[in-house]
Amino acid sequence: MSAGEYDRYDRIRGVLAEADEPLTAREILALVDECDECEEIDSPHRVATVLGRRAERGEIEVIAGQPYRYRLDT
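Described in the following lines is the structure provided in the data block. Just so it is clear, the model here is predicted, and its values are computed rather than measured.

Counted under the stated rule, the structure contains 0 aromatic pairs. Across from the ring centre of Tyr 9, 3.8 Å away, lies the NZ or CZ of Arg 54, which sits over that ring.

Orientation of helix α2 (residues 25-32) relative to helix α3 (residues 44-56), taken along the N-to-C sense of each, is 105°, at an axis distance of 8 Å. By the criterion of interaxial angle, the relationship of α2 to α3 is roughly perpendicular. Taken together, the residues of α3 that come into contact with α2 (itself represented by Ala 25, Arg 26, Ile 28 and Leu 29) are Pro 44, Val 47, Ala 48 and Leu 51. Each residue belonging to the contact of α2 with α3 can be placed in one class, and the counts come to 7 nonpolar, no polar and 1 charged.

Bringing α3 into the picture now. The end-to-end C-alpha separation of α3 is 18 Å, in line with the 18 Å expected for 13 residues at 1.5 Å each. Listed in full, the buried residues belonging to α3 are Val 47, Val 50, Leu 51 and Arg 54. Take α3 and look down its axis: the buried residues cluster within an arc of 90°, on one side only. In α3, the exposed positions that point more than 90 degrees away from the buried face belong to His 45 and Glu 56. Just downstream of α3, Gly 58 is the residue with a positive phi angle, here 90°.

What follows is about the environment of Ile 63. On the secondary structure map, Ile 63 appears in strand β1 (residues 60-63). On the accessibility criterion, Ile 63 (25% relative accessible area) is partly exposed. C-alpha separation for the pair Ile 63 and Leu 23, spaced 40 residues apart in sequence, amounts to 9.4 Å. Those residues in contact with Ile 63, other than ones at most four positions away along the chain, are Pro 22, Tyr 68, Arg 69 and Arg 71.

Procedures and definitions
- Residues numbered from 1 in each chain as written.
- Predicted model: local features only at pLDDT ≥ 70, side-chain atom pairs only at ≥ 80, totals over all residues.
- Heavy atoms only, no water.
- Phe/Tyr/Trp six-rings, centres within 6.5 Å; stacked < 30°, edge-to-face > 60°.
- Lys NZ or Arg CZ within 6 Å of the ring centre and 35° of its normal.
- Axes fitted to C-alpha atoms, helices over the stretch in contact; angles between N-to-C directions.
- Helix = DSSP H or I, 4+ residues; strand = E, 2+ residues; numbered from the N terminus.
- Parallel < 35°, antiparallel > 145°, perpendicular 65-115°, else oblique.
- Contact = heavy atoms within 4.5 Å.
- Nonpolar A, V, L, I, M, F, W, Y, C, P; charged D, E, K, R; others polar.
- Expected span 1.5 Å × (residues − 1).
- Buried < 20%, exposed > 50% of the residue type's maximum accessible area, 1.4 Å probe, protein only.
- Arc of directions from axis to C-beta.

Read these as spatial facts, not as claims about activity.
Spelled out as structure tokens, the structure:
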């Protein structure tokens with residue numbers, strides 16, 4: 001995994017850690033984009049891809065629905 005992928009996940013994880021409820025990839029992206037110094041994440045699809053990989057490891061819970069929602073698996 002590249003350094004950029006770790007940076008993206010750390011920012012996404014931070015957003016999820018502060019959330020009171022599960023969030024969609026679009027909602028996560030909007031909150032991540034508020035960071036001016038951070039590397040840009042280009043789409044909700046990229047957010048979903050990063051979270052899907054982490055879900056396979058058991059770090060993220062994916063809540064099936066329309067749209068999918070994500071939260072930390074604690």
